[in-house]
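Working through the structure, step by step
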Amino acid sequence: MKERALALLRQAIGDPRAQFRPGQWEAIQALVEGRERLLVVERTGWGKSLVYFIATRLLRDRGAGCALLISPLLALMRNQIAAAERIAVRAETVNSTNPDSWPAVETALKAGKIDVLLVSPERLANEEFMTRCLLPVAARVGLFVVDEAHCISDWGHDFRPDYRRIARILQALPRNLPVLATTATANDRVVGDVTAQLGPRLRVIRGPLLRESLRLENLRIPSQSARMAWLADRIPRFEGSGIVYTLTVRDADNVAAWLQQCGIDARAYHTGLENEERQQLEDMLLGNQVKTLVATVALGMGFDKPDLGFVVHFQRPGSVVHYYQQVGRAGRAIDRAYGVLMSGAEDDEIANYFIRTAFPSAEEVAEVLRVLDAAPRPLKAAEIQRALNIRPSKLAKALKFLEVESPSPITHEGTAYVRTPVAWVMPAERIERITQLRRQEQARMRAYMEAAGCLMQFLAEELSDPEAAPCGKCADCTGERLGATYPAYLGEGAARFLERLSLIIEPRKLWPQMATFEGERGRIAAEFMAAEGRALCKWGDAGFGDLVRDGKRERHFADRLVGAAADLIQRWNPRPTPEWVTCVPSHRHPALVPEFARRLAAQLGLPFVGCVRKTRATDLQKTRQNSFQQASNLENAFEVEEGSVQRGPVLLVDDVVDSRWTFTVLAWKLRKAGAGPVFPFALADSSADDGSSE
Amino acid sequence: MTMTEGLSADTQVVLLLCSRLGQKDENGAKPLTARQYGVLTRWLRERSMRPRDLLENTGRARLAGIQAAELAPETLEQLLDRGVALGIMT
């Protein structure tokens, strides 16, 4: 059989002298002859797909059914599928976009014309797909393959709860069915976890993870603008094309925009884009038609570009597993590639945010169950949402979380949800255990930033690579460093660029000249002055500016604005940190701003206190042309309910800031009523351009 | 059917051999009738085997030697190979 397998290998890769890499033949043999359960831990590019395609061919030759391959990377498998076709392994995929072809695939499968059925993990969560498509052909599956199997263990971090369902199916499989689980990243903890879930009969085959051409270097550059300047200086000098990883979508957009402004062919890549556009961007990177993608983790597992020249992290990822996975994309088949990890001041804050929000809150879950319990019929997500006033993304997270519990307290009826009779409590212990683990992983990444010896060796040891040794390539081994320096003009440019993204609202220091305001005149006492504030964008700017205008028109600000505002406030990090949120009231649109401020407060985890009332209607501030008119327009227009004012620092929210008088007056009143420092925040700044921005 | 942990290998084999496992496949192997299953258990007993032994390569290899008119070895193998259907259903 080995000869036949070798012939298939040579045929598949089109190289008549090719040999198996260590571990490949052992894996094939164990699957085909031993019907074993395998976990193969090998770096990307080692040839895991060849193992399952050759095993499939050999099993098919012996009359076995097709292989079922569960992989989150179907879109990226075109090259592998071409290799499979060379050894007469025909692969077909069934997914949400091609329900019309399900019957044809089913017929072909039953006729034995398909050798590999490719399915994404998400599909296994879909009831209709399971009963209509998978179940009818399940009896003819002769090999079960799970790609990126570390997701079975890494639940909560990779946001792939669907893998819990895969683990359940794996547990229920009889032992005569060969199973292959593959991953490029698995330390002993992950292997232990996967083994615990897949049973003691699991055999582990693992190879070295070292990447010989990768030059690692760590740079501690706290400020964002400095890191952006570094990127603008360095990226044009890197050979080939590469990836800049950011932790948030907003940063991906910003960094990409900045690099473009510097004349670098950069594009943002994240979950905010349509699948089609993401596919297009991947193709551009594969074809070296773009210098760099600035991507979130959405540019994910298995993206395989052998000649990727650099991977730079703009911020520190949450775990060594993730870091290795991402930096390991560089330099697979070229002699020299760079892997640079930059660490900034905001890293821990962002990582903590992700850890905090990895699970739905007990309250959200309880509310969803309460609504379903009380409903006389199955409810669609939109109906639950109406009953609860919960953000769609939060609801989706809560539903997904509940659905993959076993036994689950909810189930599907078509696209609607029903409460099952399963008694259920929030698995607080499991959540706590996973949260602790995330904190440890975060600590290991901090340790990596500080690592004294060989960087590659540090990563390999963290990943339990038995062959971990000094790499001779990284900044530590060679002493050759790119360094954290950059030209000053780029630093200034990046700082200006960022300033433009978040606009500073300067506090007014004087009452209107030649007049009094509710009896006050001259300088505003420092203790009653507003603190420096921020606006998210310029009124009318493309992007957020448009969203603010739409929101005013539709009397509802989009969730993206809440998220962006929260991001900005986290980056801004006003001190002392606000402890509560209030907002500017309006007679014209009484609900618009309070509703937004409430959602923003919830996102920030702060209480909202509506303690400001408007006592009379005022003219639109933008119709008043000078300070006197603007201020007098507000005279005796607001009342602060002293009883409800909190002592601590407060975030004062409005939709649009123009003359700053509203903020000035309300800050003064809030402080007089006993509030701490008042930090104004507005979605948009409509004040006339003062020349500081182009 | 959500309980997976408790399913023994013996039970798995009985389900593989005797239940439809949600299949409506006209051309697929038909699950054993009670009579056929009776014949199989007798055959297993005579060889001091249990149903779960059919999940092992050695036990499965012995199926080829089955001589009963009611039981075709190929049918039994096809039924035993419905593991993924079992995994999904249970």
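Refer to the structure presented above.
Residues numbered from 1 in each chain as written. Chains lettered and ligands numbered in written order. Predicted model: local features only at pLDDT ≥ 70, side-chain atom pairs only at ≥ 80, totals over all residues. Heavy atoms only, no water.

A tally of regular secondary structure across chain A gives 26 helices and 22 strands. The burial tally for chain A puts 56% of its 694 residues in the buried class. The long-range share in chain A, meaning contacts at least 24 apart out of those at least 6 apart in sequence, stands at 77%. Total accessible area computed for chain A in this model is approximately 28,900 Å², and 49% of it derives from carbon and sulfur atoms. (Helix = DSSP H or I, 4+ residues; strand = E, 2+ residues; numbered from the N terminus. Buried < 20%, exposed > 50% of the residue type's maximum accessible area, 1.4 Å probe, protein only. Contact = heavy atoms within 4.5 Å. Areas by Shrake-Rupley, 256 points an atom, 1.4 Å probe, with all protein chains shown as cover.)

Taken together, the 26 residues of chain B in the interface contact 26 residues of chain A. Here chain B meets chain A over a buried area of about 2,100 Å², counting both sides, of which 55% is carbon and sulfur. By the criterion of area lost to chain A, the three top residues of chain B are B:Leu55, B:Val84 and B:Ile88, representing 26% of everything that side buries. For the pair chain B and chain A, the number of links is 3 salt bridges. Its salt-bridge partner being A:Arg201, residue B:Glu56 comes within 3.1 Å of it at the nearest N-O pair. Connecting chain B to chain A are 5 residue pairs in polar contact (both at pLDDT 80 or more). (Buried area = accessible area lost by both parts, 1.4 Å probe. Salt bridge = Lys/Arg side-chain N within 4 Å of Asp/Glu carboxyl O. Polar contact = N/O pair within 3.5 Å; in protein donor to acceptor, adjacent residues only side chain to side chain.)

Bringing the packing of helix H16 (residues 381-388) of chain A against helix H17 (residues 392-403) of chain A into the picture now. All names here are of chain A. Taken N-terminus to C-terminus, the directions of H16 and H17 make an angle of 115°; their axes are 10 Å apart at the nearest point. Of the two elements, H16 crosses H17, and the hand of that crossing is right-handed. Counting all contacts with H16, which are made through Ala381, Ile384 and Gln385, the residues of H17 involved are Pro392, Leu395 and Leu399. (Axes fitted to C-alpha atoms, helices over the stretch in contact; angles between N-to-C directions. Left-handed = near helix turned anticlockwise from the far one by under 90°.)

Residues and elements named next belong to chain A. For strand E2 (residues 66-70), the buried fraction is high: 5 of the 5 residues fall into the buried class. With burial as the criterion, each face of E2 is covered, one bearing Cys66, Leu68 and Ile70 and the other bearing Ala67 and Leu69. Pairing geometry for E2 and strand E5 (residues 141-146), over 5 bridges, is parallel. Bridge pairing in E5 places Leu68 opposite Phe144. (Pairing = 2+ DSSP bridges.)

All names here are of chain A. Spatially, 7 strands are ordered E3-E4-E2-E5-E6-E1-E7 in an open sheet, and the strand pairing comes out parallel. Every interior strand has two partners, whereas the edge strands, strand E3 (91-93) and strand E7 (202-206), have only one. In this sheet, neighbouring strand axes are inclined to one another by 20° on average, regardless of whether the strands run parallel or antiparallel. Set on the sheet, helix H8 (residues 162-172) makes contact with strand E1 (37-41), E2, E5 and strand E6 (179-183); between it and E5 the angle comes to about 140°. The sheet contacts of helix H9 (residues 188-198) involve E1, E6 and E7, and relative to E7 the element is tilted by about 155°.

On to the sheet that holds strand E9 (residues 242-245) of chain A. Residues and elements named next belong to chain A. Sheet architecture is open: 6 strands sit in the order E8-E13-E12-E9-E11-E10, paired in parallel fashion. If you trace the sheet from one side to the other, it starts and ends with strand E8 (214-220) and strand E10 (266-269), each paired once. For this sheet, the mean angle separating the axes of adjacent strands, direction not counted, is 15°. As defined by bridge partners, strand E12 (residues 310-313) adjoins strand E13 (residues 337-343) across 4 bridges and the pair is classed as parallel. Opposite His313, over in E13, you have Leu341 as the bridge partner. Running over the sheet, helix H18 (residues 428-450) touches E8 and E13 and is turned about 100° from E8.

Another point: the packing of aromatic side chains. Residues and elements named next belong to chain A. Evaluation of the coordinates by the stated rule reveals 16 aromatic pairs over all chains. An aromatic cluster is built from Trp230, Phe238, Phe310 and Tyr338, whose rings are joined through pairwise contacts. Here the guanidinium or amino end of Arg227 rests over the ring plane of Phe314, the centre of that ring lying 4.7 Å away. When the ring centre of Phe528 is taken as origin, the NZ or CZ atom of Lys672, which lies over that ring, is 5.9 Å away. (Phe/Tyr/Trp six-rings, centres within 6.5 Å; stacked < 30°, edge-to-face > 60°. Lys NZ or Arg CZ within 6 Å of the ring centre and 35° of its normal.)

Residues and elements named next belong to chain A. According to the stated counting rule, one finds 37 salt bridges over all chains in the structure shown. Arg370 serves as the salt-bridge partner of Glu367, at 3.0 Å between the closest nitrogen and oxygen. Placement of both Glu367 and Arg370 in helix H15 (residues 362-374) is noted, with a separation of 3 residues, approximately one turn of the helix. The exposure class assigned to Arg370 is partly exposed, which follows from its relative accessible area of 45%. A salt bridge links Lys552 to Asp655; the shortest N-O distance between them is 2.8 Å. Note that Lys552 is positioned in helix H22 (residues 544-554) and Asp655 in strand E21 (residues 650-657), a separation of 103 residues in sequence.

What follows covers the nonpolar core. In a soluble, globular protein the nonpolar side chains are often hidden away together inside. In this structure, A:Phe144, B:Leu17 and B:Leu40 are the most contacted members of the largest nonpolar core, which totals 66 residues. The element that contributes the greatest number of residues to this core is helix H6 (residues 127-138) of chain A, accounting for 7 residues. When sequence neighbours within four positions are dropped, the list of residues in contact with B:Leu17 reads B:Pro31, B:Leu32, B:Tyr37, B:Leu40, B:Leu54, B:Leu76, B:Leu79, B:Leu80 and B:Arg82. A:Ile28, A:Ala30, A:Ala67 and A:Val145 belong to the second largest nonpolar core, which has 38 residues in total. (Core = buried A, V, L, I, M, F, W, Y, C linked by side-chain atoms within 4.5 Å.)

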